[in-house]
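Residues per chain are reported as follows:
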Amino acid sequence: MNAIENLTEDQCARLSWARIAEPDDRTARAMIAERGVVEALEMARAGESGRPRASAERFASRLKDLDIERDLEITAKVGARVLFPTDADWPDGVDALDYAPWCLWVTAKNSMSLASMCQRSAAIVGARASTSYGEYVAAELAAGLASRDFTVISGAAFGIDAAAHRGALACDGDTIAVVAGGVERPYPGAHASLLARIAEVGAIVSEVPPGSAPTRTRFLARNRLIAAFSGGTVIVEAGLRSGSRSTVTHAVKLLRPVAAVPGPITSMVSAGCHEEIRAGRAQLVTDAAEVAELFGAIGGDLAPVKQGEFKLSDDLDPDTFRVWQAMPTRRC
């Protein structure tokens with residue numbers, strides 16, 4: 001029996017849209033919002049969009065070469081599976097997005113469901129051109145969150161992303177890499193071994209079919225998934241024009257908490273973090289305990305109150321304290 005025979009008409013249509021349209025294609029999204037994935041696909045076959053000044057001719061030409069049965073065969077061959085919104089493993093958080101993914105490709109060698117991994121989770125994102133300070137902080141945050149049973153979610157890019165994944169893996173924690181290309185295409189290539197390790201203990205997720213190349217627009221679209229999968233987002237080192245700040249924007253729109261790690265005020269790579277804090281979109285955090293308190297269960301993940309060194313004089317009443325101050329500090 002062919003794999004396609006087990007799919008519903010809706011699922012086949014979703015696989016088709018994932019292949020013929022970019023995640024942020026406004027024409028496709030508008031058509032689907034009005035007609036649904038199945039009827040909108042029939043309109044696309046006819047080159048009709050149903051909207052003034054919007055052309056769907058590009059979909060018709062792409063549909064001529066569409067072969068979702070082959071896509072399913074490749075999916076199985078690379079050890080991945082496809083998730084649809086009706087599946088129990090579907091992470092509910094993405095349904096709150098302005099445009100949710102049509103379906104998701106997941107590579108995971110463990111038995112955990114994607115939905116359960118996302119229930120208690122934190123995204124850690126930041127600059128690719130990070131400093132040793134930023135990478136150290138990202139790894140420490142990830143390790144601390146993983147030890148508190150948080151799944152660490154990031155994008156497997158150079159810099160902060162990679163440090164976050166490695167921090168979680170060092171503590172045998174769960175981690176999810178949300179990628180902009182096919183789940184079987186390691187990107188960047190230098191992270192092939194890192195992604196292989198993530199697939200063993202966590203998951204690699206993408207909304208584009210196997211074989212798809214990562215592009216700039218797909219990276220930006222991917223950022224919304226990172227925000228939607230997680231219970232909150234931490235930004236560690238980001239310039240004023242850093243792409244990771246778009247993840248913060250999506251998290252804010254989803255009403256998810258956002259945290260930012262401060263850096264030296266002279267460091268441009270931390271300027272974006274400082275601006276997010278100054279604008280009130282992010283709360284300043286300095287360690288994993290503070291992140292857990294912000295993202296975790298109310299009253300269940302309280303961070304310890306930070307205090308200075310305790311002195312015996314701290315417990316004295318005002319009159320006794322004045323007497324104590326008047327006493328000589330030198331011994332006779």
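Residues numbered from 1 in each chain as written. Predicted model: local features only at pLDDT ≥ 70, side-chain atom pairs only at ≥ 80, totals over all residues. Heavy atoms only, no water.

This next bit is on the side chain of Thr107. Summarising the element assignment, Thr107 is placed in strand S2 (residues 104-107). With residues near it in sequence (within four places) discarded, Thr107 still touches Gly79, Ala80, Val183, Ala199, Gly202, Ala203 and Ile204. (Helix = DSSP H or I, 4+ residues; strand = E, 2+ residues; numbered from the N terminus. Contact = heavy atoms within 4.5 Å.)

Of the two faces of strand S7 (residues 233-236), the one holding Thr233 and Ile235 and the one holding Val234 and Val236 are both buried throughout. Across four bridges, the pairing between strand S3 (residues 121-126) and S7 is parallel. When the bridges of S7 are listed, Gly126 appears paired with Val236. Sheet analysis places S7 next to strand S8 (residues 258-261), joined by four bridges and oriented parallel. Residue pairing in the sheet places Thr233 in a bridge with Val258 of S8. Note that the unit made of S7, helix H10 (residues 244-253) and S8 has a crossover that is right-handed. (Buried < 20%, exposed > 50% of the residue type's maximum accessible area, 1.4 Å probe, protein only. Pairing = 2+ DSSP bridges. Right-handed = clockwise from strand over helix to strand, strands pointing away.)

So, about the state of the cysteines. In total, this model carries zero disulfides according to the counting rule given. No disulfide involves Cys118; its sulfur sits 16 Å from that of Cys103, the nearest cysteine. Cysteine Cys171 is unpaired, with the sulfur of Cys118 as its nearest cysteine sulfur at 20 Å. (Disulfide = S-S within 2.5 Å.)

It is worth spelling out the pairing of S8 at this point. Of the two faces of S8, the one carrying Val258 and Ala260 and the one carrying Ala259 and Val261 are both buried. Handedness of the S8-helix H11 (residues 271-278)-strand S9 (residues 283-284) crossover: right-handed.

This part takes up the environment of Ala30. By the element assignment, Ala30 lies in helix H2 (residues 26-45). A residue is classified by how much of its surface remains accessible, and Ala30, at 16% relative accessible area, is buried. As for Ala30 and Tyr99, which are separated by 69 residues in sequence, their C-alpha atoms are 9.9 Å apart.

Quick look at the packing of aromatic side chains now. What the rule picks out here adds up to three aromatic pairs. Taken together, a centroid distance of 5.4 Å and an interplanar angle of 80° make the contact between Trp17 and Phe59 edge-to-face. With Trp17 in helix H1 (residues 9-20) and Phe59 in helix H3 (residues 57-63), the pair connects residues that are 42 residues apart, well separated along the chain. Exposure remark for Trp17: the relative accessible area of 0% places this residue in the buried category. By relative accessible area, which is 0% here, Phe59 ends up buried. In this structure, Arg29 is placed above the aromatic ring of Trp102, and the distance from its NZ or CZ to the ring centre is 3.9 Å. Stacked on the ring of Phe219, the Lys or Arg Arg128 has its end atom at 5.3 Å from the ring centre. (Phe/Tyr/Trp six-rings, centres within 6.5 Å; stacked < 30°, edge-to-face > 60°. Lys NZ or Arg CZ within 6 Å of the ring centre and 35° of its normal.)

Moving on to the sheet that holds S8. Taken in spatial order, the nine strands make up an open sheet running S1-S2-S6-S5-S4-S3-S7-S8-S9, and their pairing is mixed. Strand pairing shows two members of the sheet lacking a second neighbour, strand S1 (81-83) and S9, which therefore form its edges. Note that S3 and strand S4 (residues 151-154) share three bridges and pair parallel. Looking at the pairing, Ser121 lines up with Thr151 of S4. Helix H7 (residues 160-170) rests against S3, S4, strand S5 (175-178) and S7 of the sheet, and its axis sits at about 145° to S3. Helix-sheet contacts for H10 involve S3, S7 and S8, and the interaxial angle to S7 is about 155°. (Axes fitted to C-alpha atoms, helices over the stretch in contact; angles between N-to-C directions.)

To continue, consider the packing of helix H6 (residues 132-147) against helix H12 (residues 288-295). One can describe the packing of H6 onto H12 by two numbers: an axis separation of 8 Å at closest approach and a directional angle of 55°. In terms of their interaxial angle, H6 and H12 are classed as oblique. The handedness of the crossing between H6 and H12 comes out as right-handed. Residues Glu140, Leu141, Gly144 and Leu145 of H6 pack against Ala288, Val291 and Ala292 of H12. Residues that form the contact of H6 with H12 fall into these classes: five nonpolar, one polar and one charged. (Parallel < 35°, antiparallel > 145°, perpendicular 65-115°, else oblique. Left-handed = near helix turned anticlockwise from the far one by under 90°. Nonpolar A, V, L, I, M, F, W, Y, C, P; charged D, E, K, R; others polar.)

Here the bond from Tyr187 into Pro188 is cis, since omega is -5°, no more than 30 degrees from zero. Of note, Pro188 is situated in the loop between S5 and helix H8 (192-201). In this model, Asp149 sits at a positive phi of 70°, which is unusual for a non-glycine residue. Looking at where Asp149 falls in the secondary structure, it is placed in the loop between H6 and S4. Positive phi is not limited to glycine here, since Glu237 has a value of about 60°. With respect to the helices and strands, the residue Glu237 is situated in the loop between S7 and H10.

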